[in-house]
Amino acid sequence: MKWWQKGIIYEIYPKSFYDSNGDGIGDLPGIVTKLPYLKELGVDAIWLTPIYLSPQVDNGYDVADYRKVDPMFGSNHDLERLIEQAHKNGLKIILDMVANHTSDQCVWFKESKKSRNNYFSDFYIWRDPKPDGSAPNNWAASFGGSAWTYVPERRQYYLHYYAAQQPDLNWENPLVRQYVFDAMRYWKAQGVDGWRLDVITQISKDLSFKDVKGLPGQKYVPLKNTSGPHMHQFIHELNQQVLSPFEMMSVGEAPNSSIDEILKLTAPEREELDMAFSFEHMRIDKAAGKHGEIAVKKPDFKQLKDVLSKMQTELADKAWNALYFENHDRSRIPSRWGNDKEYRYESATAFATILHGLCGTPFIFQGEEIGMTNPTYSVDEYEDIDLKNKYQEQVEEKHLLTTEEFLNIEHKIARDNGRTPMQWDTSPNAGFTQGKPWYKVNPDYKQINVKVDIASKKSIFKYYQKLIALRHQEDILTEGKYQEMMPEDKNIFAYYRVLENKRWLVVVNMTDRQIESDQVKDLIKDYRSVILHNYKSKEISATLAPYEAYIVQK
Ligand code: NOJ
């Protein structure tokens, strides 16, 4: 077993984690201060979202210099210190490599846009306008509008899958690949242990650049822009040039990828990535707006079971899963799928039990371990460029949604839901900063914070501690076979993990209702002992309380 197969990885969004100098922005020395907290939780590694120099158009996913820490987070020296201190505490450090695109403030782009024949000209994807002067095709950018922006100096358009300030790199150019690989080697030399690879499945483009068919009246059309023709070749090269020789862990972000594709990316013999974040299970509450506008629906838990189970079985013995429900692009699970009012503890621990009982490496997003919730902000209280652009396009320009409808949806799924400052205690600004926080603290911080949670009889943090400790101690959680039970049930997630003659049963009620189930009755018959239970004083039984979750040994 590799360390990351036995380990649990904790994601930190540095801007919102802990501010050590009172400027309102979380920073690297702040993370050092909180290392004992992470040790206490028991995780094995920290993944930091981008800390490089950046104009922060997309919160650091627009990198201006891959080798320099942004002064708002501290200095390169602070990062070295964090790595050193983390290692002393037995924690590994994973950085985020944003290699599909850079910031438009990156010197490579500044040079590239100057002319068609300089050293950096081909570092990005430039195309001539159509004869009428319009963009080369009708592709939409992820954050709204066209995926192309015109630059008069070159009389050409450049491609950007995200904001116009995030030009896409041209991976077909071997120099680009060398520059990216070199930046990764640089951080290896500073002691970094691995990489989370941002939208790595988008690096190879469909070089025909044809228009795509959209909905009637749709000017710019979102395309399935993953798994381009050279994607596997580029990722294999990255593996051979950086990951394998320097023994760095890798987890790639893989939006849209099917299980087959995930398998290709992560099957060890193909020498690409160690793990990949699949997106399918996070779509169980997403709906399709008639005109392409954002839309949600009631979460379909049967679908959640189907997708997660399929992933478990298809990857078994062939590749390794990356398990997550929350991250900096997702909202808070108790608010999204559970109940963040009367059953916050129960629903947070129920979904945690599902995830941490599975085979793979669990990822915990800061605040998930204390059951942080989605705030219900007004439009001007959101920061995210994606949300702002969508509001402008879908509400203000096209009137596809009213402000109220828009907010009802975003209160469920906005990326900013997960980006509010970490809630440490009941002091002003939740103890996150002595200054004015860069982003509004969730007003529920007096009730929900680390200090209150740990002191509570129903501590989510302590439940996570147990889940983490179990994974470290019990090989059945890392090596045991997965077997889904009651696959037809829409409300109860039940599965076995089996290792040699040991058998654990996981049962979780995913609803806020009491459910009595004959099938559960059958399953728990002659269980031997309770491994974990989120209702302390209740007996294990076939009458499941709202969000009741248990693991029993059979
Ligand atoms: C995925 C990142 O997680 C997200 O935050 C970012 O906006 C996009 N990639 C673009 O880099």
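The shown structure was predicted, so the numbers you read here are calculated from the model rather than taken from an experiment.

**Some points on the sheet that holds strand 1 (residues 9-12)**
Part 1 of the reasoning: With parallel pairing, the eight strands of this open sheet are ordered in space as 11-10-9-5-2-1-13-12. Bordering the open sheet on either side are strand 11 (275-277) and strand 12 (322-323), each of which pairs with just one other strand.
Part 2 of the reasoning: Here two bridges tie strand 12 to strand 13 (residues 361-365), and the two strands are oriented parallel to one another. Of the residues in strand 13, the one forming a bridge with A322 is T361.

**Examining the site of the ligand**
Part 1 of the reasoning: If you check the shell around the ligand, you find 13 residues, and the closest are D58, D198, H328, D329 and R415.
Part 2 of the reasoning: Taking H101, its side chain carries an N or O atom lying 3.0 Å from an oxygen atom of the ligand.
Part 3 of the reasoning: Between the ligand and D198, the relevant distance is 2.7 Å, taken from an oxygen atom to a side-chain nitrogen or oxygen of the residue.
Part 4 of the reasoning: When the free accessible area of the ligand is taken as 290 Å², the share hidden by the protein chains comes to 97%.

**Digging into the packing of helix 6 (residues 174-189) against helix 7 (residues 231-243)**
Part 1 of the reasoning: The interhelical angle for the contact between helix 6 and helix 7, taken along N-to-C directions, is 40 degrees, at an axis separation of 10 Å. The angle between helix 6 and helix 7 places the two elements in the oblique class. Crossing angle aside, the handedness with which helix 6 passes helix 7 is right-handed. Facing helix 6, whose interface residues are R177, Q178, F181, M184 and R185, helix 7 presents F234, E237, L238, Q241, V242 and L243.
Part 2 of the reasoning: Its residues assigned to classes, the contact of helix 6 with helix 7 shows six nonpolar, two polar and three charged.

**A closer look at the UniProt feature "domain: Glycosyl hydrolase family 13 catalytic" (unreviewed entry) in the chain**
Part 1 of the reasoning: In the numbering used here, UniProt assigns the feature "domain: Glycosyl hydrolase family 13 catalytic" (unreviewed entry) to residues 11-419.
Part 2 of the reasoning: In residues 11-419, the share of helix is 31% and the share of strand is 12%. The end C-alpha atoms are 12 Å apart.

**A short note on the packing of aromatic side chains**
Each aromatic ring pair is characterised by the separation of its centres together with the angle its planes make.
Part 1 of the reasoning: Tallied over the full model, the rule gives 43 aromatic pairs.
Part 2 of the reasoning: Between F277 and Y324, the ring centres sit 5.2 Å apart and the planes meet at 80 degrees, which makes this aromatic pair edge-to-face. Here Y324 lies in the loop between strand 12 and helix 10 (333-336) and F277 lies in strand 11, a separation of 47 residues in the sequence.
Part 3 of the reasoning: On the basis of relative accessible area, F277 is assigned to the buried category, the value being 4%.
Part 4 of the reasoning: In this structure Y324 comes out as buried when scored by relative accessible area, which is 2%.
Part 5 of the reasoning: Judged by centre distance (5.0 Å) and plane angle (40 degrees), the rings of Y482 and Y495 are tilted.

**Notes on the side chain of R419**
Part 1 of the reasoning: Mapped onto the elements of the fold, R419 is located in the loop between helix 13 (403-413) and helix 14 (450-455).
Part 2 of the reasoning: Side-chain polar atoms of R419 contact the side chain of D329, separated by 3.0 Å.
Part 3 of the reasoning: With near-sequence residues (within four places) excluded, R419 lies in contact with Y13, S16, N59, H328, D329, D384, W438 and Y439.

About the cut-offs
One numbering rule holds for all chains: residues counted from 1, following each sequence as written. At least 70 in pLDDT is required for a residue's local features to be given in this predicted model, at least 80 for side-chain atom pairs to be given and counted, and no such filter applies to totals for whole chains, interfaces and linings, which use all residues. Working from all heavy atoms in the structure, the side-chain values ignore hydrogens and water. Paired strands, in this sense, are two strands between which DSSP finds at least two bridges. Secondary structure elements are defined from DSSP: runs of H or I of at least 4 residues count as helices, runs of E of at least 2 residues count as strands, and each element is numbered from the N terminus. Any residue with a non-hydrogen atom lying within 4 Å of a molecule or strand is treated as near it. In the analysis that follows, any N or O atom pair within 3.5 Å is treated as a polar contact, provided that within protein one partner can donate a hydrogen and the other can accept it, and provided that, for residues neighboring in sequence, both atoms belong to side chains. Working definition of accessibility: Shrake-Rupley area with a 1.4 Å probe, residue cover restricted to the visible protein chains. The convention used is that axes are lines fitted to C-alpha atoms, helices contributing only their stretch in contact, and that angles between N-to-C directions extend from 0 to 180 degrees. Our angle categories are set so that under 35 degrees counts as roughly parallel, over 145 as roughly antiparallel, 65 to 115 as roughly perpendicular, and the remainder as oblique. It is the rotation of the near helix from the far one that decides the hand of a crossing: anticlockwise by less than a right angle makes it left-handed, clockwise makes it right-handed. Contacts are residue-level and defined by heavy atoms, with any inter-residue pair within 4.5 Å sufficient. For this classification, the nonpolar set comprises Ala, Val, Leu, Ile, Met, Phe, Trp, Tyr, Cys and Pro, the charged set comprises Asp, Glu, Lys and Arg, and every other residue, Gly included, is treated as polar. UniProt positions are given in the numbering used here, feature names are shortened, and annotations may be inferred rather than shown by experiment. For Phe, Tyr and Trp, where Trp contributes only its six-membered ring, two rings pair if their centres lie within 6.5 Å, and the inter-plane angle classes them as stacked under 30 degrees, edge-to-face over 60, or tilted in between. Accessibility here uses a 1.4 Å probe with only protein chains present; expressed as a share of the type maximum, an area under 20% marks a residue as buried, one over 50% as exposed, and anything in between as partly exposed.

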